[in-house]
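A look at the structure
This is what each chain is made of:
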Amino acid sequence: MEPSAIAHDQPAISNPKEHDADMELDPYKYQCGFGNHHATEAIPGSLPRHGTNLPQKCPYGLYAEHLNGTSFVSSRDTVSNVFLPINPDVSFTPLAHAWGPLTTEPSTDVAAGLSLDTQVKKTTFVQGLRTIGGHGDATLREGLAVHQYAFNADMCQQAFANHDGEFLLVPQKGTLNIKTEMGMLRVRPGIIAVLPAGIRFSISLVRSSHKHAGQPEEELEEARGYVLEIFGSHYTLPELGVLGANGLAHLRDFEYPVAAFDFVSSSKPSSSPWKIILKLAGRLNCYSQPYSPFNVVAWHGRYAPYRYNLSHFAHLTANSDQLDPTAYTVLTAPSKYPGVSLVDFCIFGEKWAVVKDSWRIAYYHRTMATEILGVIKGLYLGSVRPFEEGGLRFEQAYMPHGETYEAWKRDREDSHEPGMVGKDSLGFMFHISSHFALTKWAMEDHPDIRLEQPGLWDTMRSNLMDHIDEINANLKKAGMPILDASAMQVVPSADMKHPKRSNLPTPPPAPF
Ligand SMILES: [Fe+2]
């Protein structure tokens, strides 16, 4: 049990001089171990005595409250939490206020090079949350959604709760201060955070303590990143199988907050009420309450937010052939089909490349999975195509893709000496076992969405003609008819090379 010295009150970041984006100055404590049954008290002696979760008389007059992230009959590794709040969360006023929706629109178009909207002014995390696409339905607890966020204002006296699914936050710019019911998380680019459904949180930006002289106040610092939301499933670690004990993400590197609470605003009603914004079936709703929702003095259980530093990931390497992208899986979410993931979250950081007599660039392939690839920092070397920091690229399920002919030719002749790749860069992939529908917003209003560079593969050519004599000699030897070299001279017409977007077939209606 880890007592916390922090009893926080809003705003979470009151004096920038006391805080710094450098994680060395992270002021918070954490509990280590993925999926552990953690127990933590902000005030010693707050948790109920052993053998009971709901005592008749809780310590210090606290209220016992239960939060359950799974159905009652579930495996033991996903069981519920017990809170000890100052006030139970039943005193609130519903507001007839809805924003949204965040639902998806169908599209089978192929898009590439997504980057973030920077046209934001005084925007909070919730206001700056936009859905790029997804599949399934939160009410059926099936599927997922991919969002992006861009914000420059703190949520202050607001809390957000997502009732639809579990959030995986992937910051690309700016350090986040995430205040949750269960304590504080500090998350900068290179660190991810998972926020389970139903847990309230409020996000503020950790601002630089050094402002340039004369810098206008309106030049607000901002945070940007991506959110992978899963419905009806929970993130977990992939099985290690033949790897045994080591490799990929280690259990002990996952960090959970220690209990912390708003002392003043939890104990007496505030003159300006708190706003709780919740996402339900893709719509944002709002209600108010007089007390801070961050009032949990102690908690125990497994259902809690956590963070993971991606630099701790133990990359694998192979002597021959390329490892599948799933070898880079940090977290996975199981689907309803046994043995099939809903989505895998993969990262590509610094690692040794030792493969011989195979491809180091992306080989040509089609797959049932939709691949959404992003760059957190540096130059992404998994592709010869330019791919800027903050950008997204995606390949729809079963769409053929691979590198250019020039890259193929270069890699074919490369000596492939062992070497370090990915230095000072960090990429990630949402490896989605399904189709992916883009939203209307992504297709029509996103400031920076574009189709793949036309003509990228136009220089691709058949190499058979270079080997026609050898091929025919072997066919002849095998008693088979030889190839007519003159019949292989096929030149595509200009019209076939670049179909215009307006000429592409109309996408069929989505099945949901
Ligand atoms: Fe791929």
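Residues numbered from 1 in each chain as written. Predicted model: local features only at pLDDT ≥ 70, side-chain atom pairs only at ≥ 80, totals over all residues. Heavy atoms only, no water.

1. Structural notes on the packing of aromatic side chains
In the structure shown here, the tally under the stated rule is 22 aromatic pairs. Judged by centre distance (5.8 Å) and plane angle (25 degrees), the rings of Trp359 and Trp408 are stacked. One end of the pair, Trp359, is in the loop between strand 22 (351–353) and strand 23 (370–377); the other, Trp408, is in helix 2 (residues 405–413), and 49 residues separate them in sequence. For Trp408, a relative accessible area of 18% translates into the label buried. Members of the aromatic cluster, connected to one another through ring pairs, are Phe125, Tyr149, Phe151, Phe160, Phe167 and Phe201. The residue whose ring lies beneath Arg307 is Tyr30, and the NZ or CZ to ring-centre distance is 3.9 Å. (Phe/Tyr/Trp six-rings, centres within 6.5 Å; stacked < 30°, edge-to-face > 60°. Helix = DSSP H or I, 4+ residues; strand = E, 2+ residues; numbered from the N terminus. Buried < 20%, exposed > 50% of the residue type's maximum accessible area, 1.4 Å probe, protein only. Lys NZ or Arg CZ within 6 Å of the ring centre and 35° of its normal.)

2. Focus on the pattern of salt bridges
Inspection of every chain in the model, using the stated rule, returns twelve salt bridges. Between Arg461 and Asp466 there is a salt bridge whose closest N-O contact spans 3.2 Å. Note on Asp466: relative accessible area 49%, which makes it partly exposed. Here the residues in one salt-bridge network are Asp26, Glu255 and Arg307, joined through shared partners. (Salt bridge = Lys/Arg side-chain N within 4 Å of Asp/Glu carboxyl O.)

3. Structural notes on the sheet that holds strand 26 (residues 426–432)
Taken in spatial order, the five strands of this open sheet run 20-21-26-23-24, and their pairing is antiparallel. Only two strands of the sheet have a single partner each, and these edge strands are strand 20 (329–334) and strand 24 (392–395). Neighbouring strand axes in the sheet, compared pairwise and without regard to direction, differ in orientation by 15 degrees on average. Here strand 23 pairs with strand 24 via four bridges, running antiparallel. If you follow Leu373 over to strand 24, its bridge partner there is Arg393. (Pairing = 2+ DSSP bridges. Axes fitted to C-alpha atoms, helices over the stretch in contact; angles between N-to-C directions.)

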